[in-house]
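What follows is the residue order along each chain.
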Amino acid sequence: MSKKVALITGITGQDGSYLAELLLKKDYIVTGIVRKTSNMAYANISHIQEELNLIQADLLDPISIREALQKSKPDEVYNLASQSHPAESFRQPIHTAEITAIGAHRVLDATLDVVPKSRFYQASSSEMFGWVREIPQNEETPFNPANPYAASKLYAHAMTKIYRESYNMFASNGILFNHESPRRHLGFVTQKVTYAAACAKLGVKSSEHLNEEGEPIVKNGKVALGNLQAKRDWGFAGDYVEAMWLILQQDKPDDFVIGTGETHTIQELCEESYGYVGLNWKDHVVVDDRFIRPTETGPLVANPSKAKKVLGWTPKTTFKDLVHLMVDAQIARLK
Ligand code: NDP
Ligand code: GDR
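Residues numbered from 1 in each chain as written. Chains lettered and ligands numbered in written order. Predicted model: local features only at pLDDT ≥ 70, side-chain atom pairs only at ≥ 80, totals over all residues. Heavy atoms only, no water.

*Asks:* Got a minute to help me understand the domain arrangement of the chain in this structure?
*Replies:* In many analyses, interface size is given as the accessible surface area lost on bringing the parts together. In terms of domains, the chain is made up of domain 1 (5–180 + 235–262 + 305–311) and domain 2 (189–230 + 263–299 + 318–334). Placing a centre on the C-alpha atoms of domain 1 and another on those of domain 2 gives a separation of 27 Å. Both sides of the domain 1 and domain 2 interface together cover about 1,200 Å² of buried area, and 57% of this is carbon and sulfur. When the area that domain 1 buries against domain 2 is broken down by residue, the three leading residues are Phe90, Glu180 and Glu262, summing to 40%. (Domains from an automatic or database assignment. Buried area = accessible area lost by both parts, 1.4 Å probe.)

*Asks:* How should the sheet that holds strand β9 (residues 222–225) be read in this particular structure?
*Replies:* The strands that make up a sheet pair up through hydrogen bonds in the backbone, lying either parallel or antiparallel. One open sheet holds the three strands; their spatial order is β8-β9-β14, and the pairing between them is mixed. In this open sheet, the two strands that pair with only one neighbour each are β8 (218–219) and β14 (285–287). Bridging between β9 and β14 involves three bridges; their strand directions are parallel. Residue pairing in the sheet places Val223 in a bridge with Val285 of β14. (Pairing = 2+ DSSP bridges. Helix = DSSP H or I, 4+ residues; strand = E, 2+ residues; numbered from the N terminus.)

*Asks:* Help me out: how do you make sense of the pattern of salt bridges in this one?
*Replies:* As a working rule, side chains carrying opposite charge can pair if their charged atoms are close by. All chains considered together, the criterion is met by 15 salt bridges. For Glu127, the salt bridge goes to Arg232, with nearest N and O atoms at 3.5 Å. You can see Glu127 sitting in the loop between β5 (119–125) and α5 (148–167) and its partner Arg232 sitting in strand β10 (residues 231–232), a full 105 residues away along the chain. The salt bridge partner of Asp255 is Arg164, with a shortest N-O separation of 2.8 Å. Of this pair, Asp255 sits in strand β12 (residues 255–258) while Arg164 sits in helix α5; the two residues are 91 residues apart in sequence, bridging distant segments of the chain. Several salt bridges converge on common partners, so that one network encompasses Glu127, Arg232 and Glu296. (Salt bridge = Lys/Arg side-chain N within 4 Å of Asp/Glu carboxyl O.)

*Asks:* Would you take a moment to explain the site of ligand 2 for this structure?
*Replies:* Inspection of the region around ligand 2 gives 23 residues, with Ser84, Ser125, Tyr149, Arg293 and Glu296 positioned closest. Gly187 places a polar main-chain atom, nitrogen or oxygen, 2.8 Å from a nitrogen atom of ligand 2. The separation between an oxygen atom of ligand 2 and a polar side-chain atom of Glu296 is 2.7 Å. Counting only elements with at least two residues in the shell around ligand 2, the list comes to α6 (189–202) and β9. Across the shell around ligand 2, the residue classes break down as nine nonpolar, seven polar and seven charged. When residues of the shell around ligand 2 are assigned to domains, at least three map to each of domain 1 (5–180 + 235–262 + 305–311) and domain 2 (189–230 + 263–299 + 318–334). (Near = heavy atom within 4 Å. Polar contact = N/O pair within 3.5 Å; in protein donor to acceptor, adjacent residues only side chain to side chain. Nonpolar A, V, L, I, M, F, W, Y, C, P; charged D, E, K, R; others polar.)

*Asks:* Help me out: how do you make sense of the side chain of Gln250 in this one?
*Replies:* Structurally, Gln250 is set in the loop between α7 (237–247) and β12. When its relative accessible area of 16% is taken as the criterion, Gln250 is described as buried. Of the polar contacts made by the side chain of Gln250, one reaches the backbone oxygen of Leu246; its length is 2.8 Å. Filtering out sequence-adjacent residues up to four positions away, Gln250 remains in contact with Arg119, Phe170, Val310 and Leu311. (Buried < 20%, exposed > 50% of the residue type's maximum accessible area, 1.4 Å probe, protein only. Contact = heavy atoms within 4.5 Å.)

*Asks:* What exactly am I supposed to notice about the sheet that holds strand β4 (residues 76–79) here?
*Replies:* Read across the open sheet, the seven strands follow the order β3-β2-β1-β4-β5-β6-β12; overall the sheet is parallel. Two strands bound the open sheet, and with one partner strand each, they are β3 (53–56) and β12. Taken pair by pair, the neighbouring strands of this sheet meet at an average axis angle of 20°, ignoring direction. In the sheet, strand β6 (residues 171–176) pairs with β12 via four bridges, with the strands oriented parallel. Within β12, the residue paired with Ile175 across the bridge is Val257. Lying on the sheet, α7 is in contact with β4, β5, β6 and β12; it crosses β6 at an angle near 160°. (Axes fitted to C-alpha atoms, helices over the stretch in contact; angles between N-to-C directions.)

*Asks:* Whenever I open this one, the site of ligand 1 confuses me. Can you help?
*Replies:* Neighbouring ligand 1 are 23 residues, the closest being Thr12, Arg35, Asp58, Ser84 and Tyr149. Contact between ligand 1 and Thr12: an oxygen atom at 2.6 Å from a side-chain N or O atom of the residue. One of the side-chain N or O atoms of Asp58 is found 2.8 Å from a nitrogen atom in ligand 1. Expressed as a share of its isolated accessible area of 910 Å², the protein-covered part of ligand 1 is 88%. Those elements that provide at least two residues to the shell around ligand 1 are α1 (14–25), β5 and α5. In terms of residue count, the dominant contributor to the shell around ligand 1 is β5 (three residues). (Areas by Shrake-Rupley, 256 points an atom, 1.4 Å probe, with all protein chains shown as cover.)

*Asks:* For this particular structure, what's the right way to read α1?
*Replies:* Since one α-helical turn is 3.6 residues long, residues separated by three or four positions face the same way. Between its terminal C-alpha atoms α1 stretches 17 Å, which fits the 16 Å expected from twelve residues at 1.5 Å a residue. A large share of α1 lies buried, amounting to eleven of its twelve residues. Considering only its buried residues, α1 is in contact with β1 (5–9), β2 (29–34), β4, β7 (179–180), β11 (235–236) and α7. Note on α1: the residue one or two positions beyond its end, Asp27, has a positive phi of about 70°. (Expected span 1.5 Å × (residues − 1).)

*Asks:* Just to check I follow, could you spell out the packing of aromatic side chains for this structure?
*Replies:* Following the criterion strictly, the structure yields seven aromatic pairs and no others. The structure contains a cluster of three or more aromatic residues connected by ring pairs, namely Phe129, Phe143 and Phe177. Just above the ring of Phe188 sits the side chain of Arg184; from NZ or CZ to the centre is 3.8 Å. Between the NZ or CZ atom of Lys306 and the centre of the ring of Phe256, over which it lies, the distance is 4.9 Å. (Phe/Tyr/Trp six-rings, centres within 6.5 Å; stacked < 30°, edge-to-face > 60°. Lys NZ or Arg CZ within 6 Å of the ring centre and 35° of its normal.)

Rendered as C-alpha cells:
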C-alpha cells in the first residue's frame, strides 16, 4: 500500500511540530506549509526537518495555498495555522480575522477544489465558548465568543461544518481546550510562569526573554501577570495531537471537544510552578493591569466524554506532571 500523505498548515508551531512527529511515526509522508521568514529558522521542527517536505505558503495568499495542495496531493489536511494569541487579537483584530477566519476558509475552499476527497481537520478552540453559557462545555454548548480571536475561530468552525453538510466533504472540527508544552511561545501564561519559576530557582533576576510588552519576563526577580483568577483546562500538547489524528480516522466527519475535564486558576498554576522549585509564588508574582484583557473568557472546563466514547481518547498527562515537565525544560534551557 502506498504511504498516506498529510499536509499541515502551522507546522512550525507547537501543535504542528508534535503532529508532524506523530505522523512520521505512523509512516505518513508529511508536508508542511511554512511562511517566508528572514532567517528561515524553524526551532520546533529543526530536529525532524530533513524528514519533512516544506512548502512556502501563507494563509493570506490563496495562490500559494492552492499550489501547496497541488504539489502535495494530501489524503489529510490539518489546518493548524492561525494568529493564535487571544490577547493579541484585541490589538490586531483585522489581521487576526484575515488569518484565523478567512485564512482557514481559504484552505478549506482550496481543499474542496483541488483535493475534494481529502479529509480536512480544522483547529477549533474552546475560546469559542467565551462568556460560557454552561459548565462544563461539550459539543452541544452554545458558543459565545468574547474576543476577536474567538469570533474568527467561530467563523472557521462554522464554515467547516457548512462545507461538510453542503458539499459532502470529510471536514471535522477539533474543539481543543488549552494544551501546552515547552514548545509553546513564551507569551502564553503557562510558559511565562514556568519560565519565571525556573529563573527564580536559578537566581536569574532579569531574564533574557521578553514579555508581551517587550520588557524582561522576569524583572527585579518578579514576573508581572494579569488576571490570576481566570480558569483554564490545561493539557499536554503531545496528547492532543493524537486526538487530531483520531478525528480524521473516523468513518464519518464530526466535531469533538478535547480537554481534561479539570480546571485550574492562574494562581494555582503559580503555586504549582514555584512550589515545585521550593519557592513561594507570592514572593515572585505581581499583578500588572497591562496584562488584564478587556474581557475574560471562561471559566473553561471541558466535558470530553464524546471523545472518550467515540475516539477512545483520554489525556495521559496530569496538570501537575505538565507543570513539572515545563519547569524542568526551562531549567535545562537556562542552564
Ligand atoms: P502556534 O501559535 O504555536 O502556531 C501557529 C502556527 O501558525 C505557526 O506555525 C505559524 O507560523 C502559523 N501561521 C501563522 N500565521 C500564518 C499565516 N498567515 N500563514 C501560514 N502560517 C501561519 O499555535 P498552536 O500550535 O498552539 O495551535 C495550533 C492551532 O490550534 C492554532 O490554530 C490555534 O489557534 C489552535 N488552538 C490552539 C490551542 C492551544 O491551546 N495550543 C487550543 C485550541 C486551538 P510561524 O512559525 O511562521 O509564525
Ligand atoms: P489563552 O492562553 O488566551 O487561553 O489562549 P493564554 O495562556 O494567553 O491565557 C490563559 C489565561 O491566562 C490569563 N493570564 C495571562 N495570559 C497571558 N498570556 N499573560 C499573562 O501575563 C497572563 N496573566 C493571566 C489570561 O487572562 C487567560 O485567562 C490559548 C491559545 O493557545 C489559543 O490559541 C487557544 O485557542 C486557547 O488557548 C484555547
